[in-house]
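Listed below are the residues making up each chain.
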Amino acid sequence: MHPTTPRIAIVGGGLGGLTLARVLQVNGIEATLYEADINRHIRLGQGGTLDMHAESGQHALHEAGLDAEFRAAARPEGQDMKLFDKHGTLLSEQATDEDDMDRPEIDRGVLRDILLDSVNPDSIQWGKYLKDASPLTGGQHALHFADGTATTCDLLVGADGAWSHVRPLVTAAEPDHSGVNFVELSITDVDRTHPAIAELVGRGSLYALGDNKGIMTQRNGDGRIRTYVAFRAREDWLTMYGIPFDRPDVARTVILGYFSDWAPELTDLIRYCDDTMLPRPIMQLPVGLTWASKPGVTLIGDAAHLMSPFAGAGANLAMRDAVELAQAVTENPGNLPAAIETYEKALHAYVLPVAEIASHHLDLMISPDGDKQMLALLKQFDAMAAQGSGGDR
Ligand SMILES: Cc1cc2nc3c(=O)[nH]c(=O)nc-3n(C[C@H](O)[C@H](O)[C@H](O)COP(=O)(O)OP(=O)(O)OC[C@H]3O[C@@H](n4cnc5c(N)ncnc54)[C@H](O)[C@@H]3O)c2cc1C
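All values reported here derive from a predicted model rather than from experimental measurement. (Residues numbered from 1 in each chain as written. Predicted model: local features only at pLDDT ≥ 70, side-chain atom pairs only at ≥ 80, totals over all residues. Heavy atoms only, no water.)

Asks: Would you explain the sheet that holds strand β1 (residues 8-11) in this entry?
Replies: Sheet strands pair via backbone hydrogen bonds, and the direction of the pair is either parallel or antiparallel. Pairing is parallel in the open sheet, where 5 strands are placed in the order β7-β2-β1-β11-β17. Every other strand in the sheet has two partners, leaving β7 (124-125) and β17 (297-299) as the edge strands with one partner each. Judged from the 3 bridges that link them, strand β11 (residues 155-158) and β17 form a sheet pairing that is parallel. Directly across from valine 157, in β17, lies its bridge partner threonine 298. (Pairing = 2+ DSSP bridges. Helix = DSSP H or I, 4+ residues; strand = E, 2+ residues; numbered from the N terminus.)

Have a look at this one:
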């Protein structure tokens, strides 16, 4: 048994960790969040835009008391979507009403700022890279940081992402390569610099798929277009087989070479990209991963269920995990083992179908006929929506 005010350590200040700190605070429970970055401004570029699902990401923002902040920054029109084949033929186009709040987009950096601004600043310790954590008696843990400091806690929450240092305390599972690699590209100030590209992409996202490849583009809220070029290849292919990311002109030419028979208006997204190109091997934890709950330690977000981005769900799930865990702890602060067990039982059940979708959609979309497969999927969603059964995307 623990004292009724447990000392909670959250390791990692991504969307999951910040949501957890905030929702606990809303419920009157203080936690300490340890983040590796040395301050909130150090990480340039927080990544692209995220669609916030009503039942998970948006629900978490509601529980965090941040509905108004979210609505002010959300971009419902970002749900627009176009699907092309590699010849530049438009196969499907979906336009969104301005007030459609099912899955509005928000830039990740904007969302992180909303959460950061809402959390008691004294509860965040920056520059705290967790090296390792070890169990003590009674469910407590000792945390050792790279700066030589150490602390102990009653509840340790690993919110430290794909390469979690907390995960080994609950499971031996490690991320594995999905067979797909992305290169992340962007074009800044696209409306002014490349109006034809801006018009092609429109207000939301564009997918061009086929030949085991993809060009997947999304408009961000800061006037930028962000493109993920996807290849089916082994994990070390990006760095070992000839894309010199430190020489952008050469890298651009090499990537374009893989799309030489694709429509030039699509490959313009590569041709005119900025010089910063980021290799992103897509990693995932085993689908259906579970573990027997351990006293005093648990995981949220990518640390618990890293999956490919093809379900568009990782950030949404991280935020849902935060709410589920905060609620379990709030309801049972004096019995942390029971709170962890309640949370993890729910977690394992709701993550499984989403992880299956992420894996299945990756296989469908980055395939020889990804364009046709995605078109069929969209028709299936439309049919389900017409029947009023929604359907997971
Ligand atoms: C290309 C791409 C596109 C995506 N698109 C979407 C999408 O559209 N919708 C969606 O819902 N999801 C999407 N995702 C998934 C989403 O980005 C992640 O699931 C989400 O960011 C996970 O949040 P998190 O808080 O668990 O981890 P993270 O965001 O990874 O945060 C982890 C934090 O922990 C810190 N940290 C790491 N190690 C340590 C340590 N040892 N000590 C202390 N701190 C540490 C890090 O600095 C970081 O701040 C996408 C992912 C990718 C790669």
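Once you've had a look at it, read on.
Asks: What is the right way to read the packing of aromatic side chains from this model?
Replies: When we look at a pair of aromatic rings, we describe it by the centre distance and by the angle of the planes. Counted according to the given criterion, the structure contains 6 aromatic pairs. The interplanar angle of 70° and the centroid separation of 5.4 Å between the aromatic rings of phenylalanine 231 and tyrosine 258 together place this pair among those described as edge-to-face. With phenylalanine 231 in strand β15 (residues 225-232) and tyrosine 258 in the loop between α8 (248-257) and α9 (264-271), the pair connects residues that are 27 residues apart, well separated along the chain. Classification of phenylalanine 231 as buried rests on a relative accessible area of 3%. (Phe/Tyr/Trp six-rings, centres within 6.5 Å; stacked < 30°, edge-to-face > 60°. Buried < 20%, exposed > 50% of the residue type's maximum accessible area, 1.4 Å probe, protein only.)

Asks: Would you mind going over unusual backbone geometry with me for this structure?
Replies: Note: most residues except glycine have negative phi, and most peptide bonds are trans. Notably, aspartate 211 is not glycine yet its phi reads approximately 55°, a positive angle. Note on placement: aspartate 211 falls in the loop between β13 (205-210) and β14 (213-219).

Asks: Would you take a moment to explain the packing of helix α1 (residues 15-26) against helix α4 (residues 108-118) for this structure?
Replies: Helix packing geometry: the angle between the two helix axes and the distance between the axes. Relative orientation of the contacting elements α1 and α4 amounts to 30°, with a least axis distance of 9 Å. With respect to each other, α1 and α4 are oriented roughly parallel. With respect to the hand of their crossing, α1 and α4 are arranged in left-handed fashion. Packed against α1, whose contacting residues are Leu15, Leu18, Thr19, Arg22 and Gln25, the element α4 presents Arg108, Leu111, Arg112, Leu115, Leu116 and Ser118 at the interface. The class makeup of the residues in the contact of α1 with α4 is 5 nonpolar, 3 polar and 3 charged. (Axes fitted to C-alpha atoms, helices over the stretch in contact; angles between N-to-C directions. Parallel < 35°, antiparallel > 145°, perpendicular 65-115°, else oblique. Left-handed = near helix turned anticlockwise from the far one by under 90°. Contact = heavy atoms within 4.5 Å. Nonpolar A, V, L, I, M, F, W, Y, C, P; charged D, E, K, R; others polar.)

Asks: Just checking my understanding: could you explain the pairing of β14 for this structure?
Replies: A regular strand places its side chains on the two faces of the sheet in alternate fashion. A large share of β14 lies buried, amounting to 7 of its 7 residues. On β14, burial covers both faces: Lys213, Ile215, Thr217 and Arg219 on one face and Gly214, Met216 and Gln218 on the other are all buried. With antiparallel pairing between neighbouring strands as the criterion, β13 and β14 make up a hairpin whose turn holds 2 residues, including aspartate 211 at a positive phi of roughly 55°. Taken together, the 7 bridges between β14 and β15 define a ladder with antiparallel strand orientation. Across the sheet, the residue bridging to lysine 213 is phenylalanine 231, located in β15.

Asks: Mind showing me how you'd approach the domain arrangement of the protein here?
Replies: The figure often quoted for interface size is the accessible area lost as the parts come together. Along its sequence, the protein is carved into domain 1 (8-80 + 101-174 + 285-366) and domain 2 (178-283). Buried surface at the junction of domain 1 and domain 2, summed over both partners, amounts to about 1600 Å²; 60% is from carbon and sulfur atoms. When the buried surface of domain 1 facing domain 2 is broken down by residue, Asp80, Met365 and Ile366 rank first, second and third, together holding 35% of it. Connecting domain 1 to domain 2 are 2 salt bridges. Ionic pairing is found between aspartate 80 and arginine 203, a salt bridge with its closest N-O pair at 2.7 Å. Broken down by element, the side of domain 1 that touches domain 2 gets its largest block of residues, 3 residues, from helix α12 (residues 336-365). Class assignment of the residues belonging to the side of domain 1 that touches domain 2 gives a composition of 8 nonpolar, 5 polar and 5 charged. (Domains from an automatic or database assignment. Buried area = accessible area lost by both parts, 1.4 Å probe. Salt bridge = Lys/Arg side-chain N within 4 Å of Asp/Glu carboxyl O.)

Asks: For this particular structure, what's the right way to read the packing of helix α11 (residues 314-331) against α12?
Replies: The contact between α11 and α12 brings their axes to 8 Å, and the two run at 155°. With respect to α12, the element α11 is oriented roughly antiparallel. Helix-helix and strand crossings are classified by hand; for α11 and α12 the assignment is right-handed. Of the residues in α12, those touching α11 at Leu317, Arg320, Asp321, Glu324, Leu325, Ala328 and Val329 are Leu336, Ala339, Tyr343, Ala346, Leu347, Tyr350, Val351 and Val354.

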